[in-house]
Amino acid sequence: MENPKLAINGAARAVQDSPPESLFKWPILTEEDEAAVLRVVRENKFSGTDITEEFQRQFAEWQGRKYAIAYCNGTMSLTSAMFAIGLGMGDEIICPTKTYWGSVSQAINFGATAVFCNINEMLSMDPADIERCITPKTKAIMVVHYFGYPADMDPIMEIARKYNLYVIEDVSHAQGGLYKGKKVGTFGDIAAMSLMSGKSFAAGELGVLVTDDRKLYERAMAFAHYERNNANYITECEDLKDYYHIALGGAKGRANQLCSALALGQLKYYDERCAEIRKAMNYFWDLLDGLPGIRPIRVDESTGSNMAGWYCPHGAYHPEELHGLSVNKFCEAVRAEIGNICWPGGNFCLHTHKFFKTFDLYNIGKPSRIAYSDRDARDDDDLCKPSEEMWCFSVPWFKHFDKEWIERYAEGFRKVIENHMEIFDDAERAQGGRWHGTSNE
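I will try to describe carefully the structure that is included in this document. (Residues numbered from 1 in each chain as written. Predicted model: local features only at pLDDT ≥ 70, side-chain atom pairs only at ≥ 80, totals over all residues. Heavy atoms only, no water.)

**What about the environment of Ala275?**
Working step 1: Mapped onto the secondary structure, Ala275 falls in helix 7 (residues 257-287).
Working step 2: Distance in space between the C-alpha atoms of Ala275 and Pro386 is 34 Å, their sequence separation being 111 residues. (Helix = DSSP H or I, 4+ residues; strand = E, 2+ residues; numbered from the N terminus.)

**Quick word on the packing of aromatic side chains**
Working step 1: Applying the stated criterion across every chain, the model contains 31 aromatic pairs.
Working step 2: Measuring from centroid to centroid gives 5.6 Å for Phe284 and Phe398, while their planes differ by 50°, and the two rings are tilted. Taken together, the residues span a long stretch of sequence, with Phe284 in helix 7 and Phe398 in the loop between strand 12 (392-394) and helix 11 (403-418) at a distance of 114 residues. For the pair Phe284 and Phe398, a shared accessibility class is recorded, and that class is buried.
Working step 3: Note on Phe355 and Phe359: the rings are 5.4 Å apart at their centroids and 20° apart in plane angle, and the pair reads as stacked.
Working step 4: Given a relative accessible area of 36%, Phe359 falls into the partly exposed group.
Working step 5: In textbook terms, an aromatic cluster arises when at least three aromatic residues are bridged by ring pairs, as seen for Phe24, Phe284, Trp285, Tyr317, Phe330, Phe393, Phe398, Trp405, Tyr409 and Phe413.
Working step 6: A cation over a ring is seen here: Arg219 above Phe83, with NZ or CZ 4.3 Å from the ring centre.
Working step 7: Looking at Lys399, its charged tip hangs above the ring of Trp397, at a distance of 3.8 Å from the centre. (Phe/Tyr/Trp six-rings, centres within 6.5 Å; stacked < 30°, edge-to-face > 60°. Buried < 20%, exposed > 50% of the residue type's maximum accessible area, 1.4 Å probe, protein only. Lys NZ or Arg CZ within 6 Å of the ring centre and 35° of its normal.)

**Some remarks on the nonpolar core**
Working step 1: Ranked by internal contacts, the top residues of the largest apolar core, which has 89 residues, are Ile93, Met281, Phe284, Trp285, Phe330, Phe393 and Phe413.
Working step 2: When neighbours within four sequence positions are excluded, Phe284 is seen to be in contact with Val395, Pro396, Phe398, Ile406, Tyr409, Ala410 and Phe413.
Working step 3: Core analysis: the next-biggest nonpolar cluster, separate from the first, contains 43 residues, Cys133, Ile134, Ile159 and Leu267 among them. (Core = buried A, V, L, I, M, F, W, Y, C linked by side-chain atoms within 4.5 Å. Contact = heavy atoms within 4.5 Å.)

**What about the sheet that holds strand 10 (residues 294-296)?**
Working step 1: Read across the sheet, three strands follow the order 10-11-12 without closing on themselves; strand pairing throughout is antiparallel. The open sheet has two edge strands, strand 10 and strand 12, and neither has a second partner. Averaged over all neighbouring strand pairs, the angle between strand axes comes to 35°, with direction disregarded.
Working step 2: As judged from the three bridges shared by strand 10 and strand 11 (residues 314-317), these two strands associate in the antiparallel manner. Looking at strand 11, one finds that Ile294 is bridged to Tyr317. (Pairing = 2+ DSSP bridges. Axes fitted to C-alpha atoms, helices over the stretch in contact; angles between N-to-C directions.)

**A short note on the sheet that holds strand 5 (residues 166-170)**
Working step 1: The strand order 1-9-8-5-4-2-3 describes an open sheet built from seven strands, whose pairing is mixed. Edge positions in the sheet fall to strand 1 (67-71) and strand 3 (113-117), since each has one partner strand and no second. Strand-to-strand twist of the sheet, defined as the mean angle between neighbouring strand axes without regard to direction, takes the value 20°.
Working step 2: As defined by bridge partners, strand 8 (residues 190-194) adjoins strand 9 (residues 207-211) across five bridges and the pair is classed as antiparallel. Residue pairing across strands places Ala192 opposite Leu209, the latter belonging to strand 9.
Working step 3: Across the sheet, helix 6 (residues 214-224) is in contact with strand 1, strand 8 and strand 9; its angle to strand 1 comes to roughly 15°.

**Considering the state of the cysteines**
Throughout this description, disulfide means a covalent bond between two cysteine sulfur atoms.
Working step 1: Evaluated as defined, the whole model comprises zero disulfides.
Working step 2: Summary of cysteine pairing: Cys312 is not part of a disulfide, and the nearest cysteine sulfur, belonging to Cys392, is at 9.2 Å.
Working step 3: Cysteine Cys349 is unpaired, with the sulfur of Cys384 as its nearest cysteine sulfur at 7.6 Å.
Working step 4: Assessed through its relative accessible area of 0%, Cys349 is described here as buried. (Disulfide = S-S within 2.5 Å.)

**Remarks on the packing of helix 2 (residues 50-63) against helix 7**
Working step 1: Remark: helix 2 packs on helix 7, axes separated minimally by 8 Å, with the N-to-C direction vectors making an angle of 30°. Considering their axes alone, helix 2 and helix 7 lie roughly parallel with respect to each other. Judged by the sense of rotation from one axis to the other, the crossing of helix 2 with helix 7 is left-handed. Listed contacts from helix 7 to Asp50, Ile51, Thr52, Glu54, Phe55, Gln58, Phe59 and Trp62 of helix 2 are Gln257, Ser260, Ala261, Ala263, Leu264, Leu267, Tyr270 and Asp271.
Working step 2: Split into classes, the residues belonging to the contact of helix 2 with helix 7 amount to nine nonpolar, four polar and three charged. (Parallel < 35°, antiparallel > 145°, perpendicular 65-115°, else oblique. Left-handed = near helix turned anticlockwise from the far one by under 90°. Nonpolar A, V, L, I, M, F, W, Y, C, P; charged D, E, K, R; others polar.)

**As for unusual backbone geometry**
Working step 1: Cis geometry is adopted by the peptide bond preceding Pro27, which originates at Trp26 and carries an omega value of 0°.
Working step 2: Mapped onto the elements of the fold, Pro27 is located in the segment before helix 1 (31-42).
Working step 3: Unlike most non-glycine residues, Lys180 shows phi in positive territory, near 50°.
Working step 4: Within the secondary structure, Lys180 is located in the loop between strand 6 (178-179) and strand 7 (182-183).
Working step 5: Despite not being glycine, Ala308 has its phi angle at roughly 55°, a positive value.
Working step 6: The exposure class assigned to Ala308 is buried, which follows from its relative accessible area of 1%.

**Focus on the side chain of Thr97**
Working step 1: Mapped onto the elements of the fold, Thr97 is located in the loop between strand 2 (92-96) and strand 3.
Working step 2: Here His351 takes part through its side chain, which lies 2.8 Å from a polar atom of the side chain of Thr97.
Working step 3: With near-sequence residues (within four places) excluded, Thr97 lies in contact with Phe116, Cys117, Phe348, Cys349, Leu350, His351 and Ser387. (Polar contact = N/O pair within 3.5 Å; in protein donor to acceptor, adjacent residues only side chain to side chain.)

Here is the structure:
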């Protein structure tokens, strides 16, 4: 090819040198954080609850809910939320098919069935598809604010009220985010989230559950906190009092206070730091506004909504606007321009994973997902097919508003789009993405 313009064909890269470390480094840790952690170490407070309870108090106040419980991780907090609402054998729980497995895989521990709902272009639960999923066995809706985008809570809550369903919000990607001026995690009956080290609210390895309902709080506490399943905490749930001091889920979910100490420090500055992230990410997407083939996954902030800390930012991809260029090849070309950042995005759709089709936890010769259901594990193959065709890709996650560097990275995307006819596309055209925990390739 004579005089190529794209780096994938031998031209100069859009980003040729290394950015400042602070542009992408997260979380931000200070001497204040280090001192708090050292206190836990020196005073051997790893397994205590005093620091954790102070974090819970502050987090509940910040979240705008009456109660908060910290757990060892987000999966345990979501599992406890399922126990709290009484999810049980034969029940069904509706979840968007594009999310991390920890949103709903643990439903099999309760003999319940995950039922998958389609997503929209923003990779968010499509309210228009929820009623299709509802049966007399439906107990709850698991709403996921995926990649920081607040799900459309007004119609979701309207449907939940119509059918008398519980709503659990998975806020693992969107701590502090707003939907029409109100924090996500305050709409449903209960909300839970991960604060692991890669999240926008990063506190080592931690989970948090929040609710306004005292009985849901007590049930969640009793599920995985044996040292707090006692008369000091369980005051209204009479049916739990015979089981004091036993974790009813058979597992210890207590938070390590190293993480609680980190979480207190992160909470102190979280909103301020997220505001700068949003400024940086909005500027990046504004630079690409109007280009064919890509759309930002972001909200219109004039509505009072926002993207919180913009965890794991992504864009929607439309190959038909770029002469059919696959998302795989598009990302390969962008990586050649800017480095190892842009990948076909998100997890694959959960309804396609063998865990939800064939895994037999109970050794009864039937997939555990439908062990106590008359559903067919293949029911979702056609019903959720539209979600497999929602293409997306990851973009840089800027932690600071550095105008010059943001413009450099945006230029890499612009170059590929404006010169996409240079690219020979022999890429695989199956749904783009990966199973979290495996390599990008």
